[in-house]
Structure formats: C-alpha cells, structure tokens
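Descriptive structure summary
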Amino acid sequence: MLHLLLISFFILISPSYSSTDATPLLAFKSKADLNLNLPYSLNTSFHFCQWQGVKCYQNKVVRLLLQSIDLGGVIAPDTLTRLDQLRVLTLQNTSLTGPIPDLSNLLNLKSLFLDHNFFTGSFPPSLHSLHRLRNLDLSGNNLTGPLPAWVTSLDRLSSLRLDRNHFNGTIPPLNQSSLRTFNVSYNNFTGAIPVTPTLLRFQFSSFSPNPSLCGEIIHKECSPSTPFFGQSGSPISPPPAVAISEQLHGVNLSHPSEKPKHKTTVIVIGFSSGVFILICSLICFVMVMRKQRNKTQSKSKGVIASDAAVAEVAAVMQIDEQENELEEKVKRVQGLHLERSGSLVFCAGEAQVYTLDQLMRASAELLGRGTIGTTYKAVLDNRLIVTVKRLDGSKLAGNSVETFERHMESVGGLRHPNLVPLRAHFQAREERLLIYDYQPNGSLFSLIHGSKSSRAKPLHWTSCLKIAEDVAQGLSYIHQAWRLVHGNLKSSNVLLGPDFEACIVDYCLVVLTTSLPEDDPDYTAFTAPEIRNSDHQPSCKSDVFSYGILLLELLTGKSPSQIPFLAPNDMVDWVRSSREDDGGEDNRLEMLLEVAIACSLTSPEQRPTMWQVLKMLQEIKESVLMEDSEMDQHIAMSFS
C-alpha cells in the first residue's frame, strides 16, 4: 500500500512525469510487478525513456520489451492502454496472470507478444480493433473458448501463434495472404480444417495434436456422422423444420415456427394421412371395379376372356386418370404446376446444385423486410445455405415474363468480389424469387448502429476506409463494366462476407418496382434530390449521392435522417463532434469526409463518378501507408 502511495505522490509532484507516458508505465508496474523485479527508478533525473525495456520516439513510448522477468502480477486496465503510440508490446515469460485487458485503445499496435505466461479467459475481443496488428503470439497460456470469426478480418497478420492453450471450437477459414507463421497445436479444436490457400501452406505440426481435428490438410478423414457445410468445417445445427413451401403460391417462404418440432409432426402426419387416404381410395376403387366385373360375369357367362381383359385395362386406365387428376389438383393447390415460367433458372455459368423441389423443402428463417421485398435464410436438405429474396408483388411493375427474365439474365451476369452474387431466380404467377449467396456476418447497418441493447460507437477510420473502398469497387464495376445502376444503395444493402469484406446486394432491382417508401426518412435521405418526387429514373450520379450519404453514416454512426445539410466547414465540425474518440487521426478523417461531401453535392453534374471516387480513396490509402512507413523508418533509425 505504501508503495502505491509513493508512486501516486511522485506522479503528482513531478512535472517531468505528469501527463506523460511515465504515468501509465508506473501504474502498470504497481499491479504487474508484485515481486519488485522491474527496476523502474523514481529518480526524476533518470528519464522514463531510459527505463528497462522502454523505447521512445519523441518522448512517446513506441516499444515496451520485457522478457523473462518474474513479475507475478496482472496487467491492470487503463495502464498500458494509455500508451497511444505503442507499436510493439512484448511481455514474454513474465509470470503474468489474470485476463488480458481491453487493448482496443492501442490503435497503433503492430506486434503483441504475451506468450508463456498464465493468462486466462477467452481470445481477447478487443483485438478486433487493432487494424495494424501484424504479429500476435498468445501461446503457452491458459486461454479457453472458441476463436471468433472476425480473426479472418485481421488482414495484415504475418504471424499468429495460439499453440499450447485450451482453445476449442472450429478453426476459422484464415486466408490472409500475408500470414507466414501459424500454429494452433496443443489445443482442443474440433471439426474439419478449412481448405484455404493460406492454411494449405502450413504443415501437420501447425495443427497437431488436436485429437478432434480432421480434414484434407492433416490427411485425416472426418467422421460422416458430423455434418459440415462447405469447407469451413463448422457443424450446422439442425434447422427448424419449416418448409419453404408453406405459404407462398409457387415457392413458399415462411417465418420460423415458434414450435418447430410440433409443426414438423403436424406436417409429417398430414402428409402421411393424405398418402394413406389416397392409397385407401385407390384400393376401394379397384375392389369396386372388380366386384362390378364379377357381377357382370355372373350375369353373362358368355362374355369372352378378351372382353374381361379389355375391362381390366379400362379399369387400370381409369385409375391412372384419377391418380393423374388427383396429382394435378395437389400441384395446383401447392402452386407447383411447373410450366415454362415456373422453373428455377440458374444464371449463366452457374451449376445447378439444387432443384426447385429442394428449395421448397428448405427451412426458412426471416432475416428482414426491405423496401422491395422480404429476405429469408434458407437451409436446403444438402445443408447448403442460401439467401432467398421474395419480391413484394404489390410493388412490382407490370413486367412481362420475358422482360423479367431478360433483366435478371443481365443482373445475374455480374460477378465481382464486392457484389453478393445472384445465383438463380424463379417466377410463377405473381411470385418472383431471387437466390443469392448467404453472407454470415450481417449487414453494415448492424455493424454501424449495433443492436437495440448495445449501441455501437463510430468505426475506426481505417475500417471506414476499407469498407468505403469495398463499396466503391462494387459500384464502380456496375457503372463502368455493365452500364447499370444500383438504385437503392444503403447500409442495410451492404453485407459483410466471410472475411468481413463489404459486399453490395439488391443491386439493379429498382427498375422492377413501381413505388418505393417515400415516407421513410432514411430512404429519403439516401435518395438524390433530382429523383425525389419525380419521374426521373435512378442514374449513376444518384448512386454516387447515395454513396456519399452512406460514407457520412459510416463516419458518424448517425442514421441518414440525422445527417444535417451543412456547409463543408460546418460539416467537418459536426462530424468531429459525432466521434467521441478519433485516435488522433483528424487529417485522415478529413480526407474521407471530403470524399463524402463531394459525392453528396446537390447538383449531379458536380458529383464525381464512382471511378473517380475509387481513385480518391486509393490515393488516401497510399498516403496513409507512406506516412506509416516514414514513421516506422524514423523509429528504426532512432534505435540504430
């Protein structure tokens, strides 16, 4: 206790340490160095940048390198995380215990070595914020739980060591091209190892021993009793047995049943009863026909055998006709009478990996209701997961079958890493369905605004830049390569793919609709002035306007209807006030804001094209990388 009081008193009276990086270093020592083996001096004449393991650049700590020191304590919250210029944190073999604290404030951290300690808890969730992280070593600890899927989004990782812990669950589909060192051995991972180009580079020793791991990479066959989807090795729980063909006239999508087991029983019993009644009816019919034939034979014994054969054939034909008639009635009731317009059409170059019948039998989970339709997650009987969008018939224009087919053929030909691919489409009577790849990580809207229970804070500017570039890539491809427009760009129509890449969905569908929700303030905010309350069709420049509003939403965390119409200088001040903590990146934030303001200008002629927007973003990215490189060179030179 006296030791802590002395440190606190020293911090208060010493001007050379007050409000510097010495404060968090001394706070760290007070909780971590219980064995008093860290020789940090309280002598003011001895500058903190000369303390053991501390490396500074312009009086800011950029490296803390402590190895093989018996500290015996914990990393207290709000200590080292105040070293906002820290690039390298090494606490190897220092006998530290307890959980790894929140490190999300260390935005400049590039290397984190916490191996060979006694840390407990789960994989640190705060690492998701460390966008510059290149080297991560948590090996030789007591960490437990599964690895989060977002580990795949740490796209600068060069080294990842998690061996000799107690991690479980499946291994995420890591595919960072920069990854050169990887080890998850001596854990409790299960399931198939994802087959990705990156993971294929590593040898058996990087994965073993994990007794329950299997797959091509370690040459161990997976048990057929364990269901897997794709190559991710992630087992899928049996979905609620709610058939897609339960409500629609054609291909029916339904909400998940609140009592799926009971509903399954009812469906099975109902189907079985129908089959039983049909069989009984046919048997009774045959018996009646035979009885009638016997009566006829008893009245007229002179009937020749050939007449009996003809009667038998006629009876069978009549049975077949009744069966066909009954089957047609059943099909008409279910909407399954498949004419040419009622077929499931796969887009050009797509393999027909499922049938319409399989799609109808799929279980369906409601994902959301949008401006032009309702979206469902569908799990097929071959465990393939797709997204099915049912277009709202009340909002569809009177397009002919041929017009719809021709337009969807064009849209289905779009293929880009930042577009959610359209795989197939279906139309019958008033029903029109679009089948896309399922995106597992939700929408950009959810990422920005969080859930009702937990409000998200504005994303770090590097995440904003990455998402902005992804969306610009997709839109630029639509405009330049295919001369089409999105027409309904908004954050809920940007989904996050397996590697957290931003992918645009619902593109090029506005031409199929007759009306959009003019009373929705957010939709109005995304809509360019020139097409509000007018007959003007969406254009490339109106897409650019929507993109500008999307970028403002991304930077501020505010809904589009909350974004004011301000002069550029006032807009800069407003955006800054919307972000509680920008991590000292005002200049970089302003560069992104300038792009957003240019895109959301009132006059469409003054807005840039999406190709020009993409070039602006790439120039920002290059300037940032150059600044980082120069800073790293200065730091390296100061240590040489």
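That block above? That's the structure.
Bear in mind the structure is a predicted one, so any value in this text is a computation, not a measurement.

The rules behind these values
- Residues numbered from 1 in each chain as written.
- Predicted model: local features only at pLDDT ≥ 70, side-chain atom pairs only at ≥ 80, totals over all residues.
- Heavy atoms only, no water.
- Helix = DSSP H or I, 4+ residues; strand = E, 2+ residues; numbered from the N terminus.
- Contact = heavy atoms within 4.5 Å.
- Areas by Shrake-Rupley, 256 points an atom, 1.4 Å probe, with all protein chains shown as cover.
- Disulfide = S-S within 2.5 Å.
- Buried < 20%, exposed > 50% of the residue type's maximum accessible area, 1.4 Å probe, protein only.
- Pairing = 2+ DSSP bridges.
- Axes fitted to C-alpha atoms, helices over the stretch in contact; angles between N-to-C directions.
- Salt bridge = Lys/Arg side-chain N within 4 Å of Asp/Glu carboxyl O.
- Core = buried A, V, L, I, M, F, W, Y, C linked by side-chain atoms within 4.5 Å.
- Arc of directions from axis to C-beta.
- Expected span 1.5 Å × (residues − 1).

When helices and strands are counted, the chain shows 13 helices and 21 strands. A separation threshold of at least 6 residues defines the contact pool for the chain, and within that pool the share at least 24 residues apart is 56%. Only carbon and sulfur atoms are counted for the fraction: they give 55% of the accessible area of the chain, which is about 31,800 Å².

In the structure shown here, the tally under the stated rule is one disulfide. The residue that forms a disulfide with Cys 49 is Cys 56, at a sulfur-sulfur distance of 2.1 Å. Across the S-S bond linking Cys 49 and Cys 56, the dihedral sits near -95 degrees, which makes this disulfide left-handed. Like Cys 56, Cys 49 is buried. With no disulfide of its own, Cys 540 lies 9.8 Å from the sulfur of Cys 508, the closest cysteine sulfur. Exposure remark for Cys 540: the relative accessible area of 31% places this residue in the partly exposed category.

Attention now goes to the sheet that holds strand 13 (residues 212-214). Adjacent strands of a sheet pair through backbone hydrogen bonds, lying either parallel or antiparallel. With parallel pairing, six strands are arranged side by side in an open sheet as 4-6-8-10-12-13. The open sheet terminates on both sides in strands that have one partner only, identified here as strand 4 (97-99) and strand 13. The average angle at which neighbouring strand axes cross in this sheet is 25 degrees, direction not considered. Pairing between strand 12 (residues 188-192) and strand 13: three bridges, direction parallel. Looking at the pairing, Ala 192 lines up with Cys 214 of strand 13.

On the secondary structure map, Leu 179 appears in the loop between strand 10 (166-169) and strand 11 (181-183). Residue classification places Leu 179 among the buried positions, given a relative accessible area of 1%. Among residues more than four places away in sequence, those in contact with Leu 179 are Leu 157, Ser 158, Ser 159, Leu 160, Thr 198, Arg 201 and Phe 202.

Let's shift gears to the pairing of strand 18 (residues 422-428). Most of strand 18 sits out of view: six of its seven residues are buried. As defined by bridge partners, strand 14 (residues 344-346) adjoins strand 18 across three bridges and the pair is classed as antiparallel. Within strand 18, the position partnered with Phe 346 by the bridge is Ala 424. Taken together, the six bridges between strand 18 and strand 19 (residues 431-437) define a ladder with antiparallel strand orientation. Following the sheet pairing, Ala 428 is matched in strand 19 by Glu 431. Connecting the antiparallel pair strand 18 and strand 19 is a turn made up of two residues, with Arg 429 showing a positive phi of about 55 degrees.

Evaluated as defined, the whole model comprises twelve salt bridges. As a salt-bridge pair, Lys 29 and Asp 33 come within 2.8 Å of each other at their nearest N and O atoms. A single burial state applies to Lys 29 and to Asp 33, both of which are buried. Its salt-bridge partner being Lys 621, residue Glu 469 comes within 3.5 Å of it at the nearest N-O pair. With a gap of 152 residues between them, Glu 469 in helix 8 (residues 461-482) and Lys 621 in helix 13 (residues 610-639) connect regions that are remote in the sequence.

What follows concerns the nonpolar core. Val 471, Tyr 507, Tyr 547 and Leu 617 are the most contacted members of the largest nonpolar core, which totals 67 residues. Discounting residues that sit within four places of it in the chain, Tyr 547 has contacts with Ala 468, Glu 469, Val 471, Ala 472, Leu 475, Leu 489, Cys 599, Met 610, Val 613 and Leu 617. In this structure, Leu 112, Phe 207, Leu 213 and Ile 217 belong to the second largest nonpolar core, which totals 61 residues.

Within the span of helix 11 (residues 568-578), buried status applies to Met 571, Val 572, Trp 574, Val 575 and Ser 578. One side of helix 11 holds all its buried residues, which, seen down the axis, span an arc of 170 degrees. In this structure, helix 11 carries Asn 569 and Ser 577 as exposed residues pointing more than 90 degrees from its buried face.

Glancing now at the pairing of strand 10. Bridge count between strand 8 (residues 142-146) and strand 10: three bridges; the pairing is parallel. Counted as the bridge partner of Thr 144 is His 166 from strand 10.

Geometrically, the link from Ser 208 to Pro 209 is a cis peptide bond, its omega value of 5 degrees lying close to zero. Secondary-structure assignment places Pro 209 in the loop between strand 12 and strand 13. One non-glycine residue, Asn 93, lies in positive phi territory at about 55 degrees. Structurally, Asn 93 can be placed in the loop between strand 3 (88-92) and strand 4. Look at His 219: it is not a glycine, yet its phi comes out positive at around 60 degrees.

With that settled, consider the side chain of Ser 185. Of note, Ser 185 is situated in the loop between strand 11 and strand 12. With residues near it in sequence (within four places) discarded, Ser 185 still touches Asp 163, Arg 164, Ser 205, Ser 206, Phe 207, Ser 208, Pro 209 and Asn 210.

It is worth spelling out helix 6 (residues 401-412) at this point. With twelve residues, helix 6 extends 16 Å from end C-alpha to end C-alpha; this agrees with the ideal 16 Å at 1.5 Å per step. Restricting attention to buried positions, one finds in helix 6 the residues Phe 404, His 407, Met 408, Val 411 and Gly 412. Buried residues of helix 6, viewed axially, fall in a sector of 135 degrees; they line one side. The outward face of helix 6, more than 90 degrees from its buried face, is lined by the exposed residues Arg 406 and Glu 409. Where helix 6 is buried, its residues meet strand 17 (385-391), strand 18 and strand 19.

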